[in-house]
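Summary of structural features
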Amino acid sequence: MTALARPVALPSRSRVRVSRTLRGIALWVIRTIAIVVPVFLFATFVTYLLGAASGLSPAGLKLGDAATTADVARVNAQLGLDQPLIVRYGTWLGQILHGNLGTSWFNDLPVAPQLFERLGISVSIAGYALIIGVVFGFALGLLAAVRRGTWVDRVITAFATLISTLPPFVVAIVLIIVFCITLRWLPSGGYVSPTVNVGEWLTLITLPAIALSLDTVADLARQLRTGLVAAYDDHYVTGAIVRGFSRRRVLFVHVLRNGAGPALSVLGLRAPALIGGAVVTESIFGMEGFGRFGSESALRGDVPVVQGVLVVAIVLVLVFNLVVNALLARLLPASRRGI
Amino acid sequence: MFRRAIRSPLGATSAAIIAVVVVLSVLGPLIAPYDPLAQDAAHILASPSAAHWLGTDYVGRDVLSRLLDGSPLSLLSAAEAVGIAFALGVTPGLLSVYLGRVFEWISLRVIDALITLPFLVFAIAMTALLGNGLQQAMFAVGILIAPAFYRVTRAAALSAAGSQYVEAARLAGASPLWVLRTHLWGKVAPSVAVTTANSMAAGLVIVSSLTFLGIGVQPPAPTWGGILADDLGYLFQQPFGPLYPTIIIMVIVGALNGFADALRDTSGITGHVRLLGRRRSRPRRSAAINPALEVTNG
Amino acid sequence: MARLHRPKTSTKVAIVALAAAASLLLAGCAGAATAATGKSAVLKWGFSLPTSWDPVTSSTGNDINTISLVYASLTKLNPEGKAEPGLATSWKYNKSGDAVTFTLRPGLTFSDGTALDANAVKESLLRGQTQTNSLLKDQLSTIKSIAVVDKTHVTLNLVQPDYQVPNLLAGKTGAIVSPKAFATSKSTAGIPTNPDGAGPFKFKSFVPESNAVLVKNDNYWDAKDVHIDELDLSVAPDPSTVIAAVQTGSLDVASLPATEIAAAKAAGLKVDVVNSLTVSQVDVNSTLAPLTNAKVVEALKYAVDREQLLKVANAGVGSVTYQPFPKGYIAYNPSLDTEYAYDPTKARALLAAAGIKPGTLTITITAQAYSQATAELVQSQLKKVGVDAKIALVPVGSSTWQQSVYLARTAQFALDGTVGRESPVQNLGVVYGPTGLMNTSRSASPDFLAALDKVRETPLDSPDYASVLQSAVKLGVLQASSFSLYSTPRIDVRSPKVSALPHYLSQFRWEGVTVKQ
């Protein structure tokens, strides 16, 4: 990438390399688009299908008690619900691509602004959880790998195993009991926007973020440890050690580069859980986030909101995975072939 | 492959725990000291005693009896979800290696799309919009776990299909079905078994989360997740209440995951998976990765 | 090979990373100490948001608690449930009782700055009568026409003598909405999310289905008694964490299940147990088989052990009642005290008389998720008289309740409850009236309806009022297929920095409440 900024007067050999790199990037972009677009289309189609298959219609909600069959048919026709499924999906997708997520059947307000109001909460928690997850997960995984076979390794592995057996709501409630009721360090619920009070915002999102991150910490630590331990056993690492490279150089240049791939992949897989999946955490900590909004709307039968939540989550997950894959491509050039 | 896994200490312990739980869940309804639905209004939220080893719940039912009686339903519901995931994941996973590029490409994109969906929100939406019941919830969970089965099956099938003996068999004129039965299944089965164990564990946790949110519950029939969610509502009156179902869930989930680990270690499964993924699996000896579920908190 | 080395430097790197991670968390904790609130009195209330901030389209009785934050009504009930001056200082009926003239306070204004005068009152009430999606039409149908006498006097001409009107207008029905809100915009779409009233508070911000921030309205007629500068209303968290939320200051006041009273007190919090009009009830839909058989319905009334429900599911807080009013209220008829007292033998006999053998009858109990314990108890009680019951739980916040119990009326046996209404006649209408939401059978006997009319025609200060009202209650109870279970007080947990909440029978009110900062 840095080569691009250099002046034109390059030796011919690096010019070749530049054009090869460019072609590589272009290929990567094309392949990525060829994968992301159909995935987006199919995921949104499933989302749309879900609403359609529910058989719910705003007619029931709008007309209430005195609705006759004719009334329902009239409202359905007004909303275009009498057209074939694929046509309706097309119309709906067209609106989505223009940023129009429709109107809630429950409160008659546009869906998009309601979603984005809550997205701040969820992105705060998920982002914070991701930071905690990455920092602690990498630190613990690294520590376990470099101290493999010792008690440190065993404690970390045991912790990671324990965490993954716990239902998330138990984790959240235990955190509340410890940090809110017993130690009284942190509040147990609510949300304040960082634009209002940064300190309070941090205080409020800390516990939910920890609750949400534990799974990621455990997973990342486990995967990183496995990857690194395996990489340490590889012949080239042995070779590097034999050649007398410093331990730090061996770890960062050889081991981490080759052993961290799986852990990064896990991070990509974690995104859907972090972004849309904080439902349990949000409901325990009394935060009106994005995931909770989606699940409450599902219970209310508010199909447009549910679809909106899923579509936004899909977009976020796709973007996040593109970033992870780009990182992977830089870290492990071989994996560029994959996407 | 199971025999070898059971010989390792981890595998043996895990298998023993799983066996005990399965036996208990078969015998549970028979050995339960009380009727799990019998209420005793005079003794609600009682602490453990000689009469009630684990105390009583909020309407005076014997906790031990409920946990025992609830085990078949808890295990079966998780097994049902895994069964659906198995059916939807394994076959396309195998076929994706043989049916040519078009099927491969389409099935890969469908699986990517399913992984993209936010797990718990989608499960809730599906359950709530299609009628709030245990069956709907299990179906939703099954569909969402299916990608894990697809991916491990495909990865294992790919690596085996590229091996020389498979090629030799094919050159010798063996039918694809014969190759599948004799050579491939033996390679794919351990991966699928690992995923099954991991998915059972994840299924139990997910079902208890859904129950906690009031999705797919049908009282008074007890399930571990249901008992846990109910008891949490009485945390302040009976702090130990939620402890027992939590421990049971932790132990069985731990045992299932432990067994999966033992299986993987002893059958030398390799390869890792990622979203929006690769077209050709690149087995790496160095990256023995659990490709199964990364969705428990979804 | 590599295992021979113990790479110390890498360990250090990992430890530094851990330390960095820990400091991240500490930053969060430090925030707790520095998070300062202003000097103004802020109260955080965890409750529920109204189904609509428009009193005309709000669809549940419970909404009065939040609607009354932003709207003032013509009258206001005193703690005992008697109508007292609100926006109107006084009212006077004509001799025949079919017209009542309200005298408004002078110089009232809405939060949007426009004048609240007799004309505004007329416009606001007319909207409730005419707007197509109005849910107040039924209550307001007693008004034939509205005449503006002068700026501060408005006369309501009634279709029949009706002395309940001042009580009726203390609630959502009499909440006065600024005509500017529905005159300027062509539609009324703005009101449900951006109300303009003349209540104790006005909107600062609102996130639908999430929270509302309200600030004190200095133009409220009783502003001198409001000592809260900002009221943050949010949806209450999961019940298992309510106490923790108040303990840590996330909330200052929240509703509390009776079973948690002891735990809240042990945590050093204050608990208010306030008499209320809330009565639990089973909505029995007698249009659905097998409940079309009157003997079966009667058997169910005797089969439910209300004492046990109260004791086990409600920690013994409250008292059994066989009518939709609590003991001590003017409408409470003591002669109903043993009307359907628990009698499983009689229940079995009634079922046998209906030709039903034990174990052959199956019904479905529909209950909200938070009534799960009650539902399970009832299920086991019904089992004792030979009725098998399934339980259908409706998750918290699900629209299924409104849809299937109230609108589609597909629930046979729904565990419900009324929070009461400002006028006892209105409450009887809701639970037993032919269009009453909780009367899922949608039928009422002519005798009962005639008795209701007689109550309307009786002045509230008449010596006969109590007895006329109570006999209507008795007629209603005896003809209804639904039946009452027990009355419960309103229980809330509050932080010690908040003063005790006043004891209003009909709703939460914040006049006189102070917050120490």
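Model, not experiment: these values are computed from the prediction.

**A look at the overall build of chain C**
Counting its secondary structure elements, chain C contains 16 helices and 19 strands. Its C-alpha atoms give chain C a radius of gyration of 26 Å, within 12% of the compact-globule value 24 Å for 517 residues. Here chain C holds 517 residues, and 51% of them are scored as buried.

**So, the overall build of chain B**
On a plain count of helices and strands, chain B comes out with ten helices and zero strands. Ordered by position from N to C terminus, the α and β elements of chain B give α-α-α-α-α-α-α-α-α-α. Every one of the 298 residues in chain B was classed for burial, and the buried ones make up 59%. Intrachain contacts of chain B at a sequence separation of at least 6 include 72% that bridge at least 24 residues.

**Overview of the environment of Arg264 of chain B**
Residues and elements named next belong to chain B. For Arg264, the position within the fold is in helix H10 (residues 243-267). In this structure Arg264 comes out as buried when scored by C-beta crowding, with 24 C-beta atoms within 10 Å. Residues Arg264 and Leu73 lie 191 residues apart in sequence; the distance between their C-alpha atoms is 28 Å.

**Quick word on the interface of chain A and chain B**
Each partner contributes to the interface: chain A provides 63 residues, whereas chain B provides 47 residues. Counting residues per element, the side of chain A that touches chain B draws most heavily on helix H12 (residues 261-276) of chain A, which supplies eleven residues. When grouped by side-chain class, the residues that make up the side of chain A that touches chain B number 37 nonpolar, 22 polar and four charged.

**Looking at the pairing of strand S18 (residues 483-487) of chain C**
All names here are of chain C. Counting buried residues along S18, five of its five residues qualify, which places the element largely inside the surrounding structure. Examined bridge by bridge, strand S14 (residues 319-320) and S18 share two bridges and lie antiparallel to one another. Bridging across to S18, Val320 finds its partner in Tyr486.

**Details of the pairing of strand S8 (residues 201-207) of chain C**
Residue and element names in this part refer to chain C. Across six bridges, the pairing between S8 and strand S9 (residues 211-216) is antiparallel. The residue bridging Ser205 from the neighbouring strand is Val213, located in S9. Between S8 and S9, which follow one another and run antiparallel, lie three residues, and Glu209 among them has a positive phi close to 55°.

**Thoughts on the sheet that holds strand S15 (residues 361-368) of chain C**
The mixed open sheet is built from six strands, whose spatial order is S14-S18-S13-S17-S15-S16 (chain C). Because the sheet does not close on itself, it has two edges, and the strands there are S14 and strand S16 (387-394) of chain C.

**Some details on the confidence of the model for chain B**
Taken over all residues, the pLDDT of chain B has a mean of 78, while the share at 70 or more is 89%. A low-confidence stretch, residues 270-298 of chain B stays under pLDDT 50, and its non-local contacts, those more than four residues away or across chains, total 98 contacts.

**Digging into helix H9 (residues 294-303) of chain C**
The element H9 of chain C is largely enclosed, with a buried count of seven among its ten residues. Those residues of H9 of chain C that are buried lie in contact with strand S13 (279-284), helix H11 (344-353), helix H12 (372-384), S16 and S18 of chain C.

**Quick look at the sheet that holds S9 of chain C**
All names here are of chain C. The strand order S8-S9-S10-S1-S11-S19-S12 describes an open sheet built from seven strands, whose pairing is mixed. Strands with a single pairing partner mark the edges of an open sheet, and in this sheet they are S8 and strand S12 (270-274). When strand polarity is set aside, the average angle formed by the axes of neighbouring strands in this sheet is 20°.

**A short note on the packing of H9 of chain C against H11 of chain C**
Between two packed helices, the angle of one axis relative to the other and the distance separating the axes together describe the packing. Residue and element names in this part refer to chain C. Where H9 contacts H11, the axes come no closer than 8 Å and their chain directions differ by 165°. Considering the angle they form, H9 stands roughly antiparallel to H11. Along this stretch, H9 crosses H11, giving a crossing that reads as left-handed. From H9, Lys295, Val296, Glu298, Ala299, Tyr302 and Ala303 reach across to H11, where they touch Pro344, Lys346, Ala347, Leu350, Leu351 and Ala353. Per-class residue counts for the contact of H9 with H11 are nine nonpolar, no polar and three charged.

**Side note on unusual backbone geometry**
Geometrically, the link from Ala289 of chain C to Pro290 of chain C is a cis peptide bond, its omega value of 0° lying close to zero. Despite not being glycine, Leu45 of chain B has its phi angle at roughly 50°, a positive value. Here Leu45 of chain B lies in the loop between helix H2 (9-31) and helix H3 (63-98). Its 19 C-beta neighbours within 10 Å are what place Leu45 of chain B among the partly exposed residues. Of note, the phi angle at Arg442 of chain C is positive, near 55°, even though the residue is not glycine. Positionally, Arg442 of chain C belongs in the loop between helix H14 (424-432) and helix H15 (446-457).

**A closer look at the confidence of the model for chain C**
When the pLDDT values of chain C are averaged, the result is 87; 91% of them are 70 or greater. For this predicted complex, the interface confidence reaches an ipTM of 0.76, while the overall pTM sits at 0.80.

**Focus: the environment of Phe47 of chain C**
All names here are of chain C. Structurally, Phe47 is set in strand S1 (residues 42-47). The partly exposed category is assigned to Phe47, around which 18 C-beta atoms lie within 10 Å. Distance in space between the C-alpha atoms of Phe47 and Leu251 is 9.9 Å, their sequence separation being 204 residues. Setting aside chain neighbours within four positions, we find Phe47 in contact with Asn65, Thr66, Leu233, Ala236 and Ser255.

Calculation notes
Residues numbered from 1 in each chain as written. Chains lettered and ligands numbered in written order. Predicted model: local features only at pLDDT ≥ 70, side-chain atom pairs only at ≥ 80, totals over all residues. Helix = DSSP H or I, 4+ residues; strand = E, 2+ residues; numbered from the N terminus. Rg over C-alpha atoms; globule rule 2.2 N^0.38 Å. Buried ≥ 20, exposed ≤ 12 C-beta atoms within 10 Å, placed from the backbone. Contact = placed C-beta atoms within 7 Å. Nonpolar A, V, L, I, M, F, W, Y, C, P; charged D, E, K, R; others polar. Pairing = 2+ DSSP bridges. pLDDT = per-residue confidence, 0-100. Axes fitted to C-alpha atoms, helices over the stretch in contact; angles between N-to-C directions. Parallel < 35°, antiparallel > 145°, perpendicular 65-115°, else oblique. Left-handed = near helix turned anticlockwise from the far one by under 90°.

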